[in-house]
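Understanding the architecture of this molecule
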Amino acid sequence: MERRILHADFNGFYASVECLLHPELRESPVAVAGDPESRHGIILAKNEYAKKFKIKTGEAIWQARQKCPNLVVVKPTFGEYLKFSKLGRQIYSEYSDRVEAFGLDENWIDLTASTDDFEEAERIAEEIRFRIKDELGITVSIGLANNKIFAKLGSDMKKPDALTVITPDNYRDLVWNLPASDLLYVGRSTGAKLFQRGIVTIGDIAQTDPKLLKSWLGKGGLMLHSFANGLDSSEVMHTVDSNPIKSVGNGVTAPRDLVDNDDVRLTFMMLCESVSARLRNSGFRARTVQICVRDCELYWFVRQKKLDSPSFLTDELLKGAMELFMANYDWYRPIRSLTIAGCDLIPLDAPEQLTLFNDAQMRERRERAEYTIDGIRGRFGYNSVLRALMLTDKRIGLMNPKEEHIIFPVGYRA
Amino acid sequence: MKKYVAVDVYIDEDGALHPVCVHWDDGRRFEVQTVIEARRAASLKAGGTGIRYRCLICGQERFLYYEDPKWFVDVK
């Protein structure tokens, strides 16, 4: 049976919410950006006026100001964005039990079971578009197609406040002329590899022999081939009130560049404390630790490794993170930001394989100590108990990332 | 312009809210004669979204918004 899937994407989400809440901003070019004082000063979203000045998400505030001296820059209010994101999902959920979020501002909605044909799905898409504008005061662009990939491409085609329908009859005209980089998973590196081989558009990918794509890009090549031909069969996930946790992570852009291993150890220690506390809070141990390192030129990489045994202990996460870091970084440039995550989670009550070389009683005592520290911090504040290491550089050591709003990007196939 | 106001509310046995009286900051009170309609709606004028109560107040139709937990109206 042919599926009918919507992809709904809030237009300039953060900026739209700010413009709704602050009517006096609406006639000006507006961008939402992080705090330049703590080096988070990049553009997170912009409104339609700012778009006319070619302001791009991800560029620095000073770059944006060069293009548009009158740009109004506002700080993000994440609590409001979460609220609007939830309200949007409530509306989508009235039409389907399959609503899958992709970040705060994007959702897939599977209408296959709730509609009889494409026309009906189109009518519902228009209704959703109208309701978002009427009830939330912001706009949404929607793509309708028989698979998630084309639906997502469709929502990007007409903006703001529009619907694009991609059918088996028109996808060659609509999708195949788009640049390859518009396709999910074609990033900088894959895009360059394809470009070298003369693959420029999505149509080029679709018409290339999948075996060739596989030889260039590995298994990912086959996936891109099916994406480009509209053959992606992945389902829209069921709505759940709280998504099952797949990993617990935290990252910071440091207030100054990190220049040696001691800086990195201190930053990782601070992050590990937060990740380990959140693992305990959520009732998990992590089997794998993952780090992401971004240098001052914004080049970045991700590495991960299995831990000796599942853990939520700060020291064990830190040990894993430092081993990964030492094995993969040779200090060709100072570091701007670090992220650590515990993944491959198992519940706290899962049976554990003991080893001969690990003192289980000692570990248990250390686990109890960490719970105690959580308790003390819960009652008297984060800074009431600190490791001495944290005081070696207070600007880094005394950040409290657990309470900062950090929203992580989500993977399509996590 | 958005103006937050104090509102007397009657909560029925199902938990539904029924605004009864709006208190203006200069001490005036405006009785809500009827609620004609209640649904979620955005107010572009005031800047926000909430459950919008279309009310009859002093014989005129007025919008009163419930922006959990506060109430607001849009004023000129």
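Residues numbered from 1 in each chain as written. Chains lettered and ligands numbered in written order. Predicted model: local features only at pLDDT ≥ 70, side-chain atom pairs only at ≥ 80, totals over all residues. Heavy atoms only, no water.

**Looking at the overall build of chain A**
A tally of regular secondary structure across chain A gives 15 helices and twelve strands. Relative to its length of 414 residues, chain A is compact, with a C-alpha radius of gyration of 23 Å against a globular reference of 22 Å. Principal axes of the C-alpha set define a box for chain A whose edges measure 65 × 50 × 45 Å. The 414 residues of chain A split such that 48% are buried. When contacts within chain A are restricted to residue pairs at least 6 apart in sequence, long-range pairs at least 24 apart make up 66% of them. In chain A, which carries 56 positive and 58 negative side-chain charges, the distance between the mean positions of the two groups comes to 4 Å. (Helix = DSSP H or I, 4+ residues; strand = E, 2+ residues; numbered from the N terminus. Rg over C-alpha atoms; globule rule 2.2 N^0.38 Å. Buried < 20%, exposed > 50% of the residue type's maximum accessible area, 1.4 Å probe, protein only. Contact = heavy atoms within 4.5 Å. Lys, Arg positive; Asp, Glu negative; His and termini not counted. Charge placed at Lys NZ, Arg CZ, Asp CG, Glu CD.)

**Details of the interface of chain A and chain B**
The partner chain B presents twelve residues to the twelve residues of chain A that form the contact. Together chain A and chain B conceal approximately 850 Å² of surface at their shared face, both sides included; 53% is due to carbon and sulfur atoms. Contact with chain B buries surface across chain A, with Leu20, Asp134 and Glu135 of chain A losing the most and accounting together for 45% of the total. Taken together, chain A and chain B are joined by one salt bridge. With a closest N to O distance of 2.6 Å, Asp134 of chain A and Arg39 of chain B form a salt bridge. Connecting chain A to chain B are five residue pairs in polar contact (both at pLDDT 80 or more). By residue number, the principal contributor to the side of chain A that touches chain B is helix H5 (residues 118–136) of chain A, which donates four residues. Tallied by class, the residues present in the side of chain A that touches chain B amount to six nonpolar, one polar and five charged. (Buried area = accessible area lost by both parts, 1.4 Å probe. Salt bridge = Lys/Arg side-chain N within 4 Å of Asp/Glu carboxyl O. Polar contact = N/O pair within 3.5 Å; in protein donor to acceptor, adjacent residues only side chain to side chain. Nonpolar A, V, L, I, M, F, W, Y, C, P; charged D, E, K, R; others polar.)

**A short note on the confidence of the model for chain B**
Residue and element names in this part refer to chain B. Residues of chain B with pLDDT of at least 70 account for 100%, and the chain-wide mean is 94. Mean pLDDT in chain B bottoms out at strand S6 (residues 70–74), which sits at 94, and peaks at strand S2 (residues 17–23), which reaches 96. The ipTM value of the predicted complex is 0.91, and its pTM value is 0.72. (pLDDT = per-residue confidence, 0-100.)

**Re the sheet that holds strand S11 (residues 300–311) of chain A**
Residue and element names in this part refer to chain A. Ordered by their spatial adjacency, four strands build an open sheet running S9-S12-S10-S11, and the pairing between neighbours is antiparallel. Of all strands in the sheet, those with a lone pairing partner are strand S9 (247–258) and S11, marking the two edges. Strand-to-strand twist across the sheet, computed as the mean angle between neighbouring axes with direction ignored, equals 20 degrees. Taken together, the eight bridges between strand S10 (residues 284–295) and S11 define a ladder with antiparallel strand orientation. Bridge pairing in S11 links Thr288 to Lys306. Here helix H13 (residues 314–328) sits on the sheet in contact with S10, S11 and strand S12 (335–347), set at roughly 140 degrees to S11. (Pairing = 2+ DSSP bridges. Axes fitted to C-alpha atoms, helices over the stretch in contact; angles between N-to-C directions.)

**What about the packing of helix H12 (residues 261–282) of chain A against H13 of chain A?**
All names here are of chain A. Between H12 and H13, whose axes approach to 8 Å, the crossing angle comes to 140 degrees. As summarised for this structure, H12 and H13 are arranged oblique, according to the angle between their axes. Where H12 crosses over H13, the two elements pack in a sense that is right-handed. Listed contacts from H13 to Asn261, Val264, Arg265, Phe268, Met269, Cys272, Glu273, Val275, Ser276 and Leu279 of H12 are Thr314, Asp315, Leu317, Leu318, Ala321, Met322, Phe325 and Met326. For the contact of H12 with H13, a count of residues per class yields twelve nonpolar, three polar and three charged. (Parallel < 35°, antiparallel > 145°, perpendicular 65-115°, else oblique. Left-handed = near helix turned anticlockwise from the far one by under 90°.)

**Quick notes on the sheet that holds strand S1 (residues 2–11) of chain B**
All names here are of chain B. Here we have six strands rolled up into a closed barrel, ordered S1-S2-S3-S4-S5-S6, and antiparallel in their pairing. Neighbouring strand axes in the sheet, compared pairwise and without regard to direction, differ in orientation by 45 degrees on average. Bridge analysis of strand S3 (residues 29–43) against strand S4 (residues 48–57) gives ten bridges, and the strand direction is antiparallel. What sits directly across from Arg39, in S4, is Arg52.

**As for the domain arrangement of chain A**
In terms of domains, chain A is made up of domain 1 (1–168), domain 2 (176–243) and domain 3 (244–397). Summarising the inter-unit geometry, the C-alpha centres of domain 2 of chain A and domain 3 of chain A are found 34 Å apart. (Domains from an automatic or database assignment.)

**Thoughts on H13 of chain A**
Residues and elements named next belong to chain A. With 15 residues, H13 extends 21 Å between its outermost C-alpha atoms, agreeing within 8% with the 21 Å of an ideal straight helix rising 1.5 Å per residue. Those residues of H13 that fall on the buried side of the exposure criterion are Thr314, Glu316, Leu317, Leu318, Gly320, Ala321, Met322, Leu324 and Phe325. Along its buried surface, H13 packs onto H12, S10, S11, S12 and helix H14 (360–380). (Expected span 1.5 Å × (residues − 1).)

**A few points about the pattern of salt bridges**
Inspection of every chain in the model, using the stated rule, returns 38 salt bridges over all chains. A salt bridge links Arg333 of chain A to Asp295 of chain A; its shortest N-O distance comes to 3.0 Å. Here Arg333 of chain A is found in the loop between H13 and S12, whereas its partner Asp295 of chain A is found in strand S10, with 38 residues between them in sequence. Judged by its relative accessible area of 26%, Arg333 of chain A is partly exposed. Residue class for Asp295 of chain A comes out buried when judged on its relative accessible area of 1%. Residue Asp26 of chain B pairs with Arg28 of chain B through a salt bridge whose shortest N-O separation is 2.9 Å. Take Asp26 of chain B: its relative accessible area is 48%, and that puts it in the partly exposed class. Using a relative accessible area of 45% as the deciding quantity, one classes Arg28 of chain B as partly exposed.

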